[in-house]
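Residues per chain are reported as follows:
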Amino acid sequence: MDLNNPHQTQYSGLQRKDDDDDYHHHPPVSGSSRTQADDDHPASEDEEAQLLSTEDYIEQFELDDNTDTSLPSFVTTNHSRANPKSQRSPFCRLFTYLSGSFHPHRQTLTPFLLPSIQSLPRLTLERLVSHPWQRVALLSIGLLLWLTIFSVSLVQSKGTLLYPDGEGKGEVVRHLDCVSTFWEPGNECGVDGERCKPFGNVSFAFRCPADCRQVTVLNPRWVGGQEVVYKPWVIGGGDRGDGSAGGGLTAAGTETRVYRGDSFVCQAAMHAGVISDSKGGCGVVELVGEYYSFFGGKGGEGISSLGFDSHFPIGFTIRPALTGPGECPQMEMKTARSLAPTILLTSLVSLLTTSATTLWFTSFIAVFAQIGLISDPPNVSGPSNTILPQLVSILFERLLPATFTSAVLFWTCSRSTTLRAIPPSANLEKTVLWLGSLWIGALSNFTLEPWIPLSRLSAHDLSHQPGAVVALLAILAVLCVTIAYQAYCFWLEGRVLPYLALYGLLLAGIAVGAVISVMGLGTLELRIHHYVLALLLLPLTSIQTRPALAYQGLLLGLFINGIARWGFDSVIQTAEALRGDDGLLGSSLVPLVDGQPLVYLGEALVEAPELWSIAFKWKGIYETMEALVPQVHGWGRGREEKERLQGLSVMVNDVERHRRFFAEEALEDQVFRWVRDPRVVTTPEYFRFAFVGEDGRSLDYSAVGTWFGNGTWSSGPGFY
């Protein structure tokens with residue numbers, strides 16, 4: 001076969017086995033033969049595909065998925081072919097059109113630019129390493145070398161780290177994740193924070209990973225009187241009005257920057273300038289007990305902290321630690337140092353091999369390990385000597401089923417189509433389009449997510465996250481154009497009908513999931529994770545065109561990122577599983593205060609005339625339902641919610657201060673009194689109320705009511 005003949009080059013890959021890693025050159029044919037071949041086979045109409053005659057198609061072309069593109073007898077009889085289109089039914093004409101071109105031809109990749117340069121790496125390998133077993137040995141050595149470099153870097157960045165304690169010994173540094181904090185959301189810490197003690201006199205060294213700046217709270221949270229969502233969760237650490245450090249005020253009047261105890265520690269460390277976002281780093285955190293007046297402001301890495309003008313049981317400070325060269329090794333997640341070994345390995349495999357199997361599985365396993373251990377690992381925290389075992393355990397837990405899924409995808413979507421028989425003269429294009437897109441998808445936390453303002457495909461995010469609707473419309477537009485082009489390519493190959501049947505089944509499955517979600521009445525919801533979306537779209541890439549190479553690499557990368565980072569998850573999930581620890585429950589019933597709270601200033605308290613107090617009393621359950629249910633969702637769902645109500649919870653300054661179950665005391669009989677010393681507390685205090693479920697967790701809290709420093713009370717919007 002003459003490699004210089006463009007028509008023969010176009011289809012040369014079809015005569016070779018998929019996994020044969022040898023690419024042989026054939027002796028050139030004579031000039032007369034070449035002329036005859038050119039006469040028999042006219043030039044290609046475009047750079048990616050040529051039209052075969054019917055005879056050539058029958059003899060040389062076999063569809064990869066063994067699909068019979070011939071029409072049923074009732075459509076393709078000689079009689080129907082002879083009749084005018086007007087004599088056939090619209091269904092027959094539509095069926096005939098969807099069956100594809102009458103002269104289907106395979107889409108194949110031919111070199112677009114400098115084929116001799118693109119084939120040079122492979123030809124050089126063949127000259128230097130001529131036998132297949134030598135190439136297998138060379139690949140094994142390369143994999144072993146990569147594994148060694150990868151393991152050494154991983155142990156340095158995620159292994160045990162000691163902090164000198166001044167006595168010649170070492171304290172094990174604690175590894176934190178990006179959302180580590182000292183205070184759990186909602187009422188998870190219990191009444192007066194009992195489950196989150198100690199509040200002070202504790203310090204320890206910590207290490208944070210890189211890339212924590214982009215983390216935000218995805219569900220609404222309260223900081224005093226303000227609701228916060230889609231922002232970093234750092235409270236305090238800012239400057240006072242005079243520019244001095246004012247994260248909090250100590251009893252001694254010091255100016256240490258203090259952060260509220262529920263702040264994300266790693267983001268607070270970045271805000272304080274102790275660590276960087278690109279490398280992470282180490283520091284020492286010290287709990288300093290109850291603090292007043294946390295000032296907000298802009299700090300390091302561009303993070304703006306929130307202000308809180310009242311008191312909280314826990315405050316903490318952060319100072320640098322292990323700042324010398326190499327003392328706090330932390331691998332940068334998105335720089336050449338961490339990515340270079342794996343990118344180099346996968347690029348060399350792509351440039352030097354023509355085996356689709358070798359390229360697919362080498363790239364899949366190497367990139368999966370890179371994402372799951374370094375670039376976007378799962379959230380784990382604890383002593384640094386336990387982190388690496390946790391990560392390796394999670395990696396293998398997810399890698400084995402993911403590899404099986406990958407094998408099915410390869411066999412059905414790529415082995416005999418997208419990556420089949422790409423000549424060495426197009427290896428560079430294959431590397432850029434397929435492998436480059438795979439890395440973009442696998443590193444989506446760096447490459448895509450920062451630019452797409454849509455964290456989750458949920459009604460709440462679409463309605464509240466700025467730019468989410470526009471982003472969704474743009475994504476849908478791109479998908480529509482991509483699907484239309486891929487459908488046209490399948491039509492050229494005569495493979496539309498099998499894929500229409502496949503996606504008909506997939507859409508039917510999604511419809512069943514939607515029905516289950518609706519019939520679940522709020523207990524079950526359909527969730528299309530981004531790795532599920534990749535699985536749904538990958539069959540559309542089983543064709544050998546340049547766009548399909550890029551689409552397949554991108555979707556496979558998204559699948560790797562989703563599984564390595566989050567693991568497999570159900571497409572039908574309970575509402576509680578989707579909410580997370582701090583999500584809203586969607587409950588509409590909140591305790592109704594019976595009248596206005598009673599405020600006592602000084603002289604009314606005989607036992608302690610110098611103290612002020614405020615007392616709350618609530619309406620009964622049935623009175624609450626009569627007031628709220630008709631205006632919310634009707635009596636049917638209201639009765640269901642009533643069965644969940646088991647007690648009352650009161651928040652003061654985002655800390656649960658009262659919890660009592662109705663089995664102990666009826667709602668209308670409960671009274672909550674809050675006392676303060678006006679000589680100490682001169683700032684506002686914020687109150688919110690909620691019902692409690694059977695497990696002791698609170699339902700959704702009401703809006704905020706404020707008791708100001710001068711003793712006056714104000715019920716905010718939504719406070720009942």
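Preceding this section is the structure that the text describes.
Computed from a predicted model, the values in this text were never measured in an experiment.

Draft legend 1. Region of the structure containing the overall build of the chain. Summing up its helical and strand segments, the chain has 22 helices and 22 strands in all. With 720 residues in all, the chain has 49% of them scored as buried. Looking at the chain as shown, the accessible area adds up to about 33,800 Å², and 60% of this sits on carbon and sulfur atoms.

Draft legend 2. Structural context of the sheet that holds strand E7 (residues 259-260). Taken in spatial order, the six strands of this open sheet run E7-E11-E8-E4-E3-E12, and their pairing is mixed. Taken across any chain shown, the strands that pair with only one partner, and hence form the sheet edges, are E7 and strand E12 (382-383). Note: strand E3 (residues 174-175) against strand E4 (residues 200-208), two bridges, orientation parallel. Within the sheet, the bridge partner assigned to histidine 175 lies in E4 and is arginine 207.

Draft legend 3. Representation of the pairing of strand E11 (residues 308-320). Buried residues dominate E11, accounting for ten of its 13 residues. In this sheet, E11 lies alongside E7 in antiparallel orientation, the contact comprising two bridges. Looking at the pairing, arginine 260 lines up with glycine 315 of E11. In this structure, strand E8 (residues 281-294) lies alongside E11, joined through nine bridges in antiparallel fashion. Pairing of valine 284 across the sheet is with arginine 319, part of E11.

Draft legend 4. Here's a closer look at empty space enclosed by the protein. Applying the stated criterion across every chain yields a total of three cavities of 30 Å³ or more. For the second largest cavity, the calculated volume is near 40 Å³. Together, Thr353, Thr354, Ser355, Ala356, Leu359, Leu419, Ile422 and Lys430 line the second largest cavity. Split into classes, the residues belonging to the lining of the second largest cavity amount to four nonpolar, three polar and one charged.

Draft legend 5. Broad picture of the sheet that holds strand E19 (residues 671-676). Taking strand neighbours across the sheet as the criterion, the three strands line up as E15-E16-E19 in an open arrangement whose pairing is antiparallel. Two strands close off the open sheet at either side, each with one partner strand: strand E15 (598-601) and E19. Taking each pair of neighbouring strands and ignoring which way they run, the sheet shows an average axis angle of 15°. Taken together, the four bridges between E15 and strand E16 (residues 612-617) define a ladder with antiparallel strand orientation. Bridged to valine 599 within E16 is isoleucine 614.

Draft legend 6. Focus on the environment of phenylalanine 559. Examined against the element boundaries, phenylalanine 559 turns out to sit in helix H19 (residues 546-566). Judged by relative accessible area, phenylalanine 559 falls into the buried class, the value being 0%. The spacing of phenylalanine 559 and leucine 538 is 21 residues in sequence and 9.9 Å in space, taken between C-alpha atoms. Leaving out residues up to four positions away in the same chain, phenylalanine 559 has contacts with Phe364, Ala402, Thr405, Tyr531, Ala534, Leu535 and Phe568.

Draft legend 7. The packing of helix H11 (residues 356-375) against helix H13 (residues 427-442), seen in detail. Taken N-terminus to C-terminus, the directions of H11 and H13 make an angle of 25°; their axes are 11 Å apart at the nearest point. Here H13 runs roughly parallel to H11, going by the angle between their axes. Relative to H13, H11 is oriented so that their crossing is right-handed. Where H11 abuts H13, its residues Leu359, Trp360, Ser363, Val367, Gln370 and Ile371 lie against Lys430, Trp434, Leu435, Leu438, Trp439 and Ala442. For the contact of H11 with H13, the residue count by class is nine nonpolar, two polar and one charged.

Draft legend 8. Expanded view of the state of the cysteines. Enumeration according to the criterion identifies four disulfides in this entry. Between the sulfur of cysteine 189 and that of cysteine 196 lies a disulfide, 1.8 Å long from S to S. An S-S torsion of about -70° defines the bridge between cysteine 189 and cysteine 196 as left-handed. A single burial state applies to cysteine 189 and to cysteine 196, both of which are buried. Disulfide partner of cysteine 282: cysteine 328, at an S-S distance of 1.8 Å. Taking the torsion about the sulfur-sulfur bond, which here is approximately 75°, the covalent link between cysteine 282 and cysteine 328 counts as right-handed. Within this pair, whereas cysteine 282 is found in strand E8, its partner cysteine 328 is found in the loop between E11 and helix H10 (336-352), the two being separated by 46 residues in sequence. Using a relative accessible area of 5% as the deciding quantity, one classes cysteine 282 as buried. Disulfide partners in the chain, listed by the sequence order of the bonded cysteines, are 1-5, 2-3, 4-6, 7-8.

Draft legend 9. Region of interest: the environment of leucine 113. For leucine 113, the position within the fold is in the loop between helix H6 (90-98) and helix H7 (115-128). Exposure remark for leucine 113: the relative accessible area of 54% places this residue in the exposed category. On a C-alpha basis, the gap between leucine 113 and alanine 426 in space is 8.3 Å, while along the polypeptide they are 313 residues apart.

Draft legend 10. The packing of aromatic side chains, seen in detail. Tallied over the full model, the rule gives 28 aromatic pairs. The interplanar angle of 70° and the centroid separation of 5.5 Å between the aromatic rings of phenylalanine 361 and phenylalanine 410 together place this pair among those described as edge-to-face. You can see phenylalanine 361 sitting in helix H11 and its partner phenylalanine 410 sitting in helix H12 (residues 384-418), a full 49 residues away along the chain. According to the relative accessible area criterion, phenylalanine 361 is partly exposed, its value standing at 22%. Relative to tryptophan 674, the ring of phenylalanine 672 has its centre 6.4 Å away and its plane inclined at 25°; by these criteria the two rings are stacked. Taking the relative accessible area as the measure of exposure, phenylalanine 672 reaches 5% and is therefore buried.

Draft legend 11. Representation of the side chain of glutamine 370. As for its placement among the helices and strands, glutamine 370 is situated in helix H11. Contacts of glutamine 370, omitting those with residues within four sequence positions, involve Phe150, Ser338, Leu339, Thr342, Ser375 and Trp439.

Draft legend 12. Region of interest: the pattern of salt bridges. Going through the model one piece at a time under the given rule, you end up with 17 salt bridges. In this structure, the salt-bridge partner of arginine 213 is glutamate 301, at a minimum N-O distance of 3.8 Å. Of this pair, arginine 213 sits in the loop between E4 and strand E5 (221-223) while glutamate 301 sits in the loop between strand E9 (297-298) and strand E10 (304-305), placing them 88 residues apart in sequence. In this structure glutamate 301 comes out as partly exposed when scored by relative accessible area, which is 29%. Note that arginine 660 is salt-bridged to glutamate 665, the shortest N-O span being 2.6 Å. A single salt-bridge network, built from bridges that share partners, covers Arg260, Asp262, Asp654 and Arg688.

Draft legend 13. The environment of threonine 541, seen in detail. Relative to the helices and strands, threonine 541 resides in the loop between helix H18 (530-537) and H19. Judged by relative accessible area, which is 2%, threonine 541 ranks as buried. Through-space distance from the C-alpha of threonine 541 to that of leucine 555 is 9.3 Å; in sequence the pair is 14 residues apart. With residues up to four places along the chain from it excluded, the contact list for threonine 541 reads Cys413, Thr418, Gln486, Ala548, Tyr551, Gln552 and Leu555.

Draft legend 14. Broad picture of a nonpolar patch on the surface. Taken together, the side chains of Phe112, Leu113, Leu114 and Ile117 make up a nonpolar region of the molecular surface, amounting to roughly 430 Å² of accessible area. Along the chain, the position of leucine 114 falls in the loop between H6 and H7.

Draft legend 15. Up close: a negative patch on the surface. Taken together, Asp594, Glu623, Glu626, Glu668 and Asp669 make up a surface patch of like negative charges. With respect to the helices and strands, aspartate 594 occurs in the loop between helix H20 (575-579) and E15. Overall, aspartate 594 belongs to the partly exposed group, its relative accessible area being 42%.

What counts, and where the lines are drawn
By convention here, each chain's residues receive numbers from 1 onward along its written sequence. With pLDDT at 70 or above as the cut-off, local features in this predicted model cover only qualifying residues; side-chain atom pairs require 80 or more to be listed or tallied, and sums for whole chains, interfaces and linings still use all residues. Calculated side-chain values reflect all of the structure's heavy atoms, with hydrogen atoms and water omitted. Each helix is a run of H or I in the DSSP string that is no shorter than four residues. Each strand is a run of E no shorter than two, and both are numbered from the N terminus. Think of it in three bands: residues with accessible area under 20% of the maximum for their type are buried, residues over 50% are exposed, and the middle band is partly exposed, with areas taken using a 1.4 Å probe on protein chains only. The Shrake-Rupley method, run with a 1.4 Å probe sphere, supplies the accessible areas, and residue values consider only the shown protein chains as cover. Two strands make a pair as long as DSSP finds a minimum of two bridges between them. Grid points spaced at 1 Å and placed over the protein atoms alone form the basis of the search, with a cavity being a set where a 1.4 Å probe fits but cannot get out and a pocket an open set showing protein on both sides within 12 Å along at least five of seven lines. Lining residues have an atom within 4 Å of a point. Grid points are joined across faces, edges and corners, and a volume is the space filled by probe spheres set on the points. Think of it as three bins: nonpolar holds Ala, Val, Leu, Ile, Met, Phe, Trp, Tyr, Cys and Pro, charged holds Asp, Glu, Lys and Arg, and polar takes everything else, Gly as well. Axis lines are fitted through C-alpha atoms, for helices just across the contact stretch, and the angle between N-to-C directions can take any value from 0 to 180 degrees. Residues are treated as being in contact if the distance between any of their heavy atoms lies within 4.5 Å. Small angles under 35 degrees read as roughly parallel and large ones over 145 as roughly antiparallel, with 65 to 115 read as roughly perpendicular and the rest as oblique. Each crossing is labelled by how the near helix is turned from the far one, with a counterclockwise turn of less than a right angle marking it left-handed and a clockwise turn marking it right-handed. Note on terminology: disulfide denotes any pair of cysteine sulfur atoms within 2.5 Å. Classification of ring pairs rests on two measures: the distance between centres of Phe, Tyr or Trp rings, Trp counted by its six-membered ring, which must be within 6.5 Å, and the angle between planes, read as stacked under 30 degrees, edge-to-face over 60 and tilted in between. The salt bridge definition used is simple: a Lys or Arg side-chain nitrogen within 4 Å of an Asp or Glu carboxyl oxygen. Residues enter patches when their relative accessible area tops 30% and they take part in no salt bridge; the joining distance is 9 Å for like charges and 5 Å for the nonpolar side chains Val, Leu, Ile, Met, Phe, Trp and Tyr. Under the convention used here, Asp and Glu are negative, Lys and Arg are positive, and both His and the chain ends fall outside the count. Lysine's charge is taken at NZ, arginine's at CZ, aspartate's at CG and glutamate's at CD.

Without other data, these values stay purely geometric and don't point to any function.
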